[in-house]
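# Topology and contacts: notes
Next come the chains, spelled out residue by residue.
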Amino acid sequence: MPLIPFPPFPGKSAYQKMQSDLMEKSLEILVFEGIISEKESSELQSIIELRNDIGHRMHSLVADISAPKLLGNHDPIFDYLALGRFEKYRDKIYKGMQENFILQVNFRDLAFEQAELTYKEELSRLHKKIDRQYEARRLDTA
């Protein structure tokens, strides 16, 4: 007997809806407790939406360096300062939560923090290498 595939769910899945509701409620609590302002909550939501959009369009993120002549003028909109703003909010929220709530300690956060530091070091090295190559090309074409 052949398997009959389930049709795709229209819109968000139940899990995505639950996650969205959880994020919304979490931000409401942070605003209520005075850890962040309404304006900061809105900006944080826009940063998170940007992150989700980037996650679903990763190919567009590198289009300007991977094959610009083949793809034509493909200029993805990317907020290069969003990560810095997000990190400030993360630190502010963490500090505010330490003052207002009891936080659970776990090793997962430590492991993630170490992975984040490793990625940042690699990105810093890559940035320096790209800058050197860019300068060399600029001098060659001058």
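Thresholds applied
- Residues numbered from 1 in each chain as written.
- Predicted model: local features only at pLDDT ≥ 70, side-chain atom pairs only at ≥ 80, totals over all residues.
- Heavy atoms only, no water.
- Axes fitted to C-alpha atoms, helices over the stretch in contact; angles between N-to-C directions.
- Helix = DSSP H or I, 4+ residues; strand = E, 2+ residues; numbered from the N terminus.
- Parallel < 35°, antiparallel > 145°, perpendicular 65-115°, else oblique.
- Left-handed = near helix turned anticlockwise from the far one by under 90°.
- Contact = heavy atoms within 4.5 Å.
- Salt bridge = Lys/Arg side-chain N within 4 Å of Asp/Glu carboxyl O.
- Buried < 20%, exposed > 50% of the residue type's maximum accessible area, 1.4 Å probe, protein only.
- Expected span 1.5 Å × (residues − 1).
- Polar contact = N/O pair within 3.5 Å; in protein donor to acceptor, adjacent residues only side chain to side chain.
- Patch = residues over 30% accessible without salt bridge, like charges linked within 9 Å, V, L, I, M, F, W, Y side chains within 5 Å.
- Areas by Shrake-Rupley, 256 points an atom, 1.4 Å probe, with all protein chains shown as cover.

What follows is about the packing of helix H2 (residues 38-56) against helix H6 (residues 82-100). The N-to-C vectors of H2 and H6 enclose an angle of 130°; their axes lie 10 Å apart at closest approach. As judged from the angle between their axes, H2 and H6 are oblique. Seen from above, H2 lies across H6 with left-handed handedness. Here Glu40, Glu43, Leu44, Ile47 and Leu50 of H2 lie close against H6, whose contacting residues are Ala82, Arg85, Phe86, Tyr89, Lys92 and Ile93.

Take the environment of Leu50 next. On the secondary structure map, Leu50 appears in helix H2. In this structure, the C-alpha to C-alpha distance between Leu50 and Ala82, residues 32 residues apart in sequence, is 8.4 Å. Once residues lying within four places of it in the same chain are set aside, the contact partners of Leu50 are Asp79 and Ala82.

Here we take up the pattern of salt bridges. Under the criterion given, the structure shown has 10 salt bridges. A salt bridge links Glu40 to Lys92; its shortest N-O distance comes to 2.6 Å. Within this pair, whereas Glu40 is found in helix H2, its partner Lys92 is found in helix H6, the two being separated by 52 residues in sequence. Residue classification places Lys92 among the partly exposed residues on the basis of a relative accessible area of 34%. Across the pair Glu116 and Arg90 runs a salt bridge whose closest N-O atoms are separated by 3.1 Å. On the criterion of sequence distance, the pair formed by Glu116 in helix H7 (residues 107-141) and Arg90 in helix H6 is long-range, its members being 26 residues apart. Residue Arg90 is classed as partly exposed on the basis of its relative accessible area of 32%. Each member of the salt-bridge network shares a partner with another, and the members are Glu87, Arg90, Asp91, Glu116 and Lys120.

For H7, spanning 35 residues, the distance from its first C-alpha to its last is 51 Å, which sits close to the expected 51 Å at 1.5 Å a residue. Structurally, the start of H7 carries an N-cap: the backbone nitrogen of Arg108 is 3.1 Å from a side-chain oxygen of Asn106.

Residues Ile29, Tyr94, Phe101 and Leu103 make up a contiguous nonpolar surface patch of roughly 350 Å² in combined accessible area. As for its placement among the helices and strands, Leu103 is situated in the loop between H6 and H7. The exposure class of Leu103 is partly exposed, given its relative accessible area of 31%.

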